[in-house]
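Each chain, letter by letter, is given below.
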Amino acid sequence: GAGVSQSPRYKVAKRGQDVALRCDPISGHVSLFWYQQALGQGPEFLTYFQNEAQLDKSGLPSDRFFAERPEGSVSTLKIQRTQQEDSAVYLCASSLREISVETQYFGPGTRLLVL
Amino acid sequence: AQSVAQPEDQVKVAEGNPLTVKCTYSVSGNPYLFWYVQYPNRGLQFLLKYITGDNLVKGSYGFEAEFNKSQTSFHLKKPSALVSDSALYFCAVREANTDKLIFGTGTRLQVFP
């Protein structure tokens, strides 16, 4: 695939359930980002990986949120004990290099609805 | 702290007319500025970016943006709007030596026939 892919595209979870969201970045891209987009808002930064290293997790809203990228490629964002306020679109982005001028290319997102 | 403002929630323009979507920013260092477009149930699609050099940046689908340092603005423009340009547009800023993009709240562009 040429672009960033994410799965599932839609997820409905009951409050308290754990969910895992997957991101496949563009092949060879060093940097990977997760963003959260609430309804009617712009995306907000969650966390950043350079290869397998998580260099910034300052945007994760609580310790229920956990992200990993063990082999420096695919990444998973896990949310434990989901709450209704976690309902949002979760966007993954990747960029070729780790420098600030690089363009981030976004996937289609996973729309999470917590009931 | 970095921030981006998109002062208009919605912009309406007739097809064939020029369009402008406004964006202002605030950073403490050199800004890297980006415009993305989002269609329904789709991710963000990159349009253009300003890094350095010429203040007028040309991007995809006939869009361009003008960087104005004194006014801290980076407005998106297109000389002749198409109905298919109707979408949600996001301005974003990234400061040098940082990792995250800071997004505005978005502007919904509606182009009517």
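Higher on the page you've got the structure.
A short tour of the structure in this document, coming up. (Residues numbered from 1 in each chain as written. Chains lettered and ligands numbered in written order. Predicted model: local features only at pLDDT ≥ 70, side-chain atom pairs only at ≥ 80, totals over all residues. Heavy atoms only, no water.)

## Points about the interface of chain A and chain B
Turning to step 1, where the next piece is worked out: Counting residues at the interface gives 26 residues for chain A and 23 residues for chain B.
Turning to step 2, where the next piece is worked out: Interface of chain A and chain B: buried area, both sides summed, is about 1800 Å²; carbon and sulfur atoms make up 49% of it.
Turning to step 3, where the next piece is worked out: Looking at the side of chain A facing chain B, the largest losses of area belong to A:Ser100, A:Val101 and A:Phe106, adding up to 29% of the total buried there.
Turning to step 4, where the next piece is worked out: Put simply, chain A and chain B have zero salt bridges between them.
Turning to step 5, where the next piece is worked out: For the interface between chain A and chain B, the tally reads six residue pairs in polar contact (both at pLDDT 80 or more).
Turning to step 6, where the next piece is worked out: Listed by contribution, the elements that provide at least two residues to the side of chain A that touches chain B are strand 4 (31–37), strand 5 (44–50) and strand 10 (105–106) of chain A. (Contact = heavy atoms within 4.5 Å. Buried area = accessible area lost by both parts, 1.4 Å probe. Salt bridge = Lys/Arg side-chain N within 4 Å of Asp/Glu carboxyl O. Polar contact = N/O pair within 3.5 Å; in protein donor to acceptor, adjacent residues only side chain to side chain. Helix = DSSP H or I, 4+ residues; strand = E, 2+ residues; numbered from the N terminus.)

## Digging into the layout of surface pockets
Turning to step 1, where the next piece is worked out: Its volume calculated, the largest pocket comes out at about 540 Å³.
Turning to step 2, where the next piece is worked out: Of all the secondary-structure elements, those providing two or more residues to the lining of the largest pocket are strand 9 (88–95) and strand 11 (110–114) of chain A together with strand 10 (87–95) and strand 12 (107–112) of chain B.
Turning to step 3, where the next piece is worked out: Among the elements that take part in the lining of the largest pocket, strand 11 of chain A stands out by supplying four residues, more than any other.
Turning to step 4, where the next piece is worked out: Residue composition of the lining of the largest pocket, by class: 13 nonpolar, eleven polar and five charged. (1 Å grid on protein atoms, 1.4 Å probe; cavity = no way out; pocket = protein on both sides within 12 Å on 5 of 7 lines; lining within 4 Å. Points joined across faces, edges and corners; volume = space filled by probe spheres on them. Nonpolar A, V, L, I, M, F, W, Y, C, P; charged D, E, K, R; others polar.)

## A short note on the pairing of strand 8 (residues 64–68) of chain B
Residue and element names in this part refer to chain B.
Turning to step 1, where the next piece is worked out: Bridge analysis of strand 7 (residues 56–58) against strand 8 gives three bridges, and the strand direction is antiparallel. The partner of valine 57 across the bridge, within strand 8, is alanine 65.
Turning to step 2, where the next piece is worked out: In textbook terms, the turn of a hairpin is the stretch between consecutive antiparallel strands, and for strand 7 and strand 8 this stretch comprises five residues, one of which, tyrosine 61, has a positive phi near 60°.
Turning to step 3, where the next piece is worked out: Bridge count between strand 8 and strand 9 (residues 73–78): five bridges; the pairing is antiparallel. Residue pairing for strand 9: asparagine 68 is matched across the bridge by serine 73.
Turning to step 4, where the next piece is worked out: Between the antiparallel neighbours strand 8 and strand 9 lie four residues, among them threonine 72 with a positive phi of about 45°. (Pairing = 2+ DSSP bridges.)

## Some points on the pattern of salt bridges
All names here are of chain A.
Turning to step 1, where the next piece is worked out: For the structure shown, the criterion picks out seven salt bridges over all chains.
Turning to step 2, where the next piece is worked out: A salt bridge links aspartate 86 to arginine 64; the shortest N-O distance between them is 2.8 Å. With a gap of 22 residues between them, aspartate 86 in the loop between strand 8 (75–79) and strand 9 and arginine 64 in the loop between strand 6 (53–56) and strand 7 (65–68) connect regions that are remote in the sequence. Each member of the pair, aspartate 86 together with arginine 64, is buried. (Buried < 20%, exposed > 50% of the residue type's maximum accessible area, 1.4 Å probe, protein only.)

## A few points about the nonpolar core
Turning to step 1, where the next piece is worked out: Formed by 27 residues in total, the largest nonpolar core has its most connected members in B:Trp35, B:Leu47, B:Leu48, B:Phe74, B:Leu76 and B:Tyr89.
Turning to step 2, where the next piece is worked out: Secondary-structure elements contributing two or more residues to this core are strand 2 (10–14), strand 3 (19–21), strand 5 (31–38), strand 6 (44–50), strand 8, strand 9, strand 10 and strand 12 of chain B.
Turning to step 3, where the next piece is worked out: Take this core: its biggest share by element is four residues, from strand 10 of chain B.
Turning to step 4, where the next piece is worked out: In this structure, B:Leu47 is in contact with B:Trp35, B:Tyr36, B:Val37, B:Gly59, B:Ser60, B:Tyr61, B:Phe63, B:Leu76 and B:Tyr89, ignoring residues within four places of it in sequence.
Turning to step 5, where the next piece is worked out: If you look at the next biggest cluster of nonpolar residues, it comprises 20 residues, including A:Val4, A:Ile26, A:Leu60 and A:Leu77. (Core = buried A, V, L, I, M, F, W, Y, C linked by side-chain atoms within 4.5 Å.)

## A few points about the pairing of strand 10 of chain B
All names here are of chain B.
Turning to step 1, where the next piece is worked out: Of all the nine residues making up strand 10, nine are buried; the element is thus mostly covered by neighbouring parts of the structure.
Turning to step 2, where the next piece is worked out: As paired elements, strand 10 and strand 12 share three bridges and run antiparallel to each other. What sits directly across from alanine 87, in strand 12, is leucine 109.
Turning to step 3, where the next piece is worked out: In this structure, strand 10 lies alongside strand 11 (residues 102–103), joined through two bridges in antiparallel fashion. Pairing of valine 93 across the sheet is with isoleucine 102, part of strand 11.
Turning to step 4, where the next piece is worked out: The loop that links strand 10 with its antiparallel partner strand 11 comprises six residues; one of these, asparagine 97, has a positive phi angle of about 65°.

## What to know about the side chain of A:Gln6
Residues and elements named next belong to chain A.
Turning to step 1, where the next piece is worked out: Tracing the chain through its elements places glutamine 6 in strand 1 (residues 5–7).
Turning to step 2, where the next piece is worked out: Glutamine 6 gets classed as buried once you look at its relative accessible area, which sits at 7%.
Turning to step 3, where the next piece is worked out: Within the structure, the side chain of glutamine 6 is placed 2.9 Å from the backbone oxygen of tyrosine 90, a separation counted as a polar contact.
Turning to step 4, where the next piece is worked out: Here the side chain of glutamine 6 touches cysteine 92 through a polar contact of 3.0 Å, landing on its backbone nitrogen.
Turning to step 5, where the next piece is worked out: Apart from residues lying up to four places away in sequence, glutamine 6 is in contact with Arg22, Cys23, Trp34, Tyr90, Leu91, Cys92, Gly107, Pro108, Gly109 and Thr110.

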